[in-house]
Amino acid sequence: MNRVALVTGGTRGIGGAISLALKNHGCQVAANYHANDEAAEHFREVTGVDIYKWDVSDFAACEAGVAQIEADLGPIDILVNNAGITRDGTLQKMTPDRWQAVLDTNLGSCFNLCHATFPGMRARKFGRVVNVGSINGQAGQYGQVNYAAAKSGIHGFTKALAQEGARHGITVNAVAPGYVDTDMVRAVPEAVLEKIVASIPVGRLGRAEDIARAVLFLTANDADFITGSTISVNGGHHMY
Ligand code: NDP
């Protein structure tokens, strides 16, 4: 059966690789994005994946986005909450707007989109939700109280919602990437990155495709006995 999948932040980086992997696996994919029209248009042209622009931190926009996708492609079976941002700074320098932006975009979006898609999944007795957490939500990270709190929240959210979905054919899992070579990590100073790579047992940064592989595994039709779990994909970093 052709599944319909929504991937937030699905037009570049890790989300781009997830969108492509799901499409290559026979899904009809809706890739959401927020601001980078150029990257999104390029992605659509190269892959043929449908693109949808809205801000996932906005509850009403998420409801409208889901309604539009379901009108265009059919009911959403697979939801990958991947969109995320960083607004780093130590606690002293952390402003309320940086704190809130990261909480709303990285964690609030999971609530917004699960709220919009869960009733349909329940009614059809099938759903696969994968939330993209982070090694920094598991271990914490200097200068990232906002990001670590949001990502850690994702792991708790995942376990709680998994219990609500379990009797209704819906699995809810998370993947926790380590450092992956995307625009987000390219913004990290090179000297810091070198140190990070030196502490990764596998000896390299992750590739977006490494994360997509785990998402594909968790969204399979027959992956119905894995729920409330987090798969760490981090090259052995910290051995989480
Ligand atoms: P990128 O910065 O490369 O891409 C982020 C994506 O999220 C873009 O598509 C962006 O859209 C989208 N996005 C950001 N804000 C919003 C918003 N408000 N509404 C809708 N879409 C939005 O990030 P990565 O690919 O590196 O990261 C993907 C996920 O993986 C994130 O959740 C991140 O926290 C997590 N992660 C990444 C790691 C890494 O090392 N890269 C490590 C651990 C976790 P647009 O293109 O329009 O800007």
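Residues numbered from 1 in each chain as written. Predicted model: local features only at pLDDT ≥ 70, side-chain atom pairs only at ≥ 80, totals over all residues. Heavy atoms only, no water.

Re helix H4 (residues 96-124)
Because the α-helix completes a turn every 3.6 residues, residues three or four places apart line up on one side.
And step 1. An ideal rise of 1.5 Å per residue puts 42 Å on 29 residues; H4 measures up with 40 Å between its terminal C-alpha atoms.
And step 2. Of all the bends in H4, the greatest, near 45°, is centred on Gly108.
And step 3. Every buried residue belonging to H4 is among Val102, Leu103, Thr105, Asn106, Ser109, Cys110, Asn112, Leu113, Cys114, Thr117, Phe118 and Met121, and all of these are buried.
And step 4. Along its buried surface, H4 packs onto strand E1 (4-7), helix H3 (59-73), strand E4 (78-81), strand E5 (127-132), helix H6 (145-165) and strand E6 (170-177).
And step 5. Where H4 terminates, the next one or two residues include Lys125, which has phi positive at roughly 60°. (Helix = DSSP H or I, 4+ residues; strand = E, 2+ residues; numbered from the N terminus. Expected span 1.5 Å × (residues − 1). Bend = angle between axes of the 7 residues up to and from the residue. Buried < 20%, exposed > 50% of the residue type's maximum accessible area, 1.4 Å probe, protein only. Contact = heavy atoms within 4.5 Å.)

Quick word on the environment of Thr11
And step 1. Structurally, Thr11 is set in the loop between E1 and helix H1 (13-24).
And step 2. As for Thr11 and Gly65, which are separated by 54 residues in sequence, their C-alpha atoms are 15 Å apart.
And step 3. In contact with Thr11, other than residues within four places in its own chain, are Gly16, Ala31, Asn32, Tyr33, Ala39, Ala40, Phe43 and Ile51.

Description of the pairing of E4
And step 1. Covered by surrounding structure in E4 are Ile78 and Val80 together with Leu79 and Asn81, the residues of both alternating faces.
And step 2. Of the pairings in the sheet, the one linking E1 to E4 comprises 3 bridges and is parallel in character. Within E4, the residue paired with Leu6 across the bridge is Leu79.
And step 3. Across 4 bridges, E4 lies against E5 in parallel orientation. Pairing of Ile78 across the sheet is with Arg128, part of E5.
And step 4. Chirality of the crossover, the property in question, places the unit of E4, H4 and E5 among those that are right-handed. (Pairing = 2+ DSSP bridges. Right-handed = clockwise from strand over helix to strand, strands pointing away.)

A word on the sheet that holds strand E2 (residues 28-33)
And step 1. Pairing within the open sheet is parallel, and its 7 strands lie in the order E3-E2-E1-E4-E5-E6-E7. The sheet is open, and its two edges are formed by strand E3 (50-53) and strand E7 (230-233), each paired on a single side. Adjacent strand axes in the sheet meet at a mean angle of 20°, parallel and antiparallel pairs treated alike.
And step 2. Bridging between E2 and E3 involves 4 bridges; their strand directions are parallel. If you follow Ala30 over to E3, its bridge partner there is Asp50.
And step 3. Against the sheet, H3 touches E1, E2 and E3, its axis set at about 160° to E3. (Axes fitted to C-alpha atoms, helices over the stretch in contact; angles between N-to-C directions.)

Topic: the side chain of Thr171
And step 1. With respect to the helices, strands and loops of the structure, Thr171 is situated in strand E6.
And step 2. A relative accessible area of 3% means that Thr171 is categorised as buried.
And step 3. Non-local contacts of Thr171, meaning those with residues more than four positions away in its chain, are made with Gly127, Arg128, Val129, Leu218, Ala223, Asp224, Ile226 and Thr227.

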